[in-house]
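The chain contents come next:
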Amino acid sequence: MDLAYIPSPSTGVIDLGPIPLRGYAFCIIVGVFVAVWLGNKRWIARGGKPGTVADIAVWAVPFGLVGGRLYHVITDYQLYFGEGRDWVDAFKIWEGGLGIWGAIALGAVGAWIGCRLRGIPLPAWADALAPGIAIAQACGRWGNWFNQELYGRPTDLPWALEISEGPNRVAGTYHPTFLYESLWCLGVAALVIWADRRFKLGHGRAFALYVAAYCAGRGWIEYMRVDEAHHILGLRLNVWTAIVVFVGAVVYFVLSAKLRPGREAVVEPVAADGSGSADAGSAEPKDAAADAKPVPAGAEVKADEADEAGTKRTSPAKPAADADAVPAAAEIKAADAEAKPTSLTKAAEADKG
């Protein structure tokens, strides 16, 4: 008798009144929100604008869902197009079945479209989103727990996963490969965040590190699974895919470091020059010459006349005639002053006589 194990839910659907809440879909949605939230924080820290990650995710997520489903249906076509199967089930994504390889590949196409529309480099955006994608995968793997699928070989370990009897499965305790991959993805996210801070990864190298690290774990986890899959030279198809993608990611990382060392100085031109939004954090300096008000021609004439008269101009609105009248009035007063002493002298002489 097993003393400890991880129980599986009896159903993967919770009915909220007339609305069915499917555990698999819920885990995918939570993962997407976490990825966008973390990606947005990292993008802003790199100098980008708030909301850019979400805007591009509007393109990447639908493409990724379609790509993930296509990969699953193509590689496991016998589940939908074999004898006694209903091809309509290929569209029932809520029942499980998303291939991460197809999701990343076609999701990158959607992201490229979104980046082109915003005029930003795809590698920089992918670097910002890389750890968030790993966390999204960690959340999404719990959808397999709700559906009791993609478990490993039988085991009696204390953390074994209990599987109940059902279609295409036998009751028992198995390796919880969904849990192994979920924990591995969290470790990958931590690795990418640490390496990005330590080495200032840029030009897609943070994303390449995520891909390589994920593939390294996916290889041995995939090898433990017992669900039906195609084999090539004794290895499951997904193991070969992990090997090929791992090599490609490492080659890209090395070549990128040699050809384009360092990190992008500008990830979003609109945010860098401050135009179009107050979120840029700085305003463009205004041209002092443009702000200077033109001086009226009349004021210049008055200033010249005041200078010629040898007086200080106290008000630009003072008439020029007043400035000319000042010397004339001064002359009259001076003449009066000279006349007064003469009159006084005559008066004095009259008194003496």
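Here the structure is a predicted model, which is why all the values come from computation and not from measurement. (Residues numbered from 1 in each chain as written. Predicted model: local features only at pLDDT ≥ 70, side-chain atom pairs only at ≥ 80, totals over all residues. Heavy atoms only, no water.)

I keep staring at the side chain of D196 and nothing clicks. Help me out?
Within the secondary structure, D196 sits in helix α7 (residues 177-199). D196 sits in the buried class, given a relative accessible area of 5%. (Helix = DSSP H or I, 4+ residues; strand = E, 2+ residues; numbered from the N terminus. Buried < 20%, exposed > 50% of the residue type's maximum accessible area, 1.4 Å probe, protein only.)

Where do I start with helix α1 (residues 23-45) in this structure?
A turn of α-helix holds 3.6 residues, and therefore any two residues three or four places apart point the same way. In this model, α1 (23 residues) spans 33 Å end to end at C-alpha, consistent with the 33 Å of a helix rising 1.5 Å per residue. Within α1, burial applies to G23, Y24, C27, G31, A35, L38, G39, R42 and W43. Here the buried face of α1 lies against β2 (19-22), α2 (52-75), α5 (122-140), α6 (142-147) and α7. (Expected span 1.5 Å × (residues − 1). Contact = heavy atoms within 4.5 Å.)

What should I look at first to understand the nonpolar core in this one?
A general tendency of soluble globular proteins is for nonpolar side chains to be buried together. Counting residues in each nonpolar core, the largest one holds 37 residues, and the members touching the most others are W43, W101, W125, V192 and Y210. Elements that contribute at least two residues to this core include exactly α1, α2, α4 (100-118), α5, α7, α8 (205-224) and α9 (237-259). When residues of this core are assigned to their parent elements, the largest contribution, 9 residues, is made by α5. Beyond its immediate chain neighbours, meaning those up to four positions away, W101 contacts Y71, Y214, C215, R218, N238, T241, A242 and V245. Residues I6, W145, L161 and I163 belong to the second largest nonpolar core, which totals 8 residues. (Core = buried A, V, L, I, M, F, W, Y, C linked by side-chain atoms within 4.5 Å.)

Sorry, what's going on with a nonpolar patch on the surface here?
Residues I243, F246, V247, V250, V251, V254, L255 and L259 make up a contiguous nonpolar surface patch of roughly 670 Å² in combined accessible area. Note on placement: V250 falls in helix α9. (Patch = residues over 30% accessible without salt bridge, like charges linked within 9 Å, V, L, I, M, F, W, Y side chains within 5 Å. Areas by Shrake-Rupley, 256 points an atom, 1.4 Å probe, with all protein chains shown as cover. Salt bridge = Lys/Arg side-chain N within 4 Å of Asp/Glu carboxyl O.)

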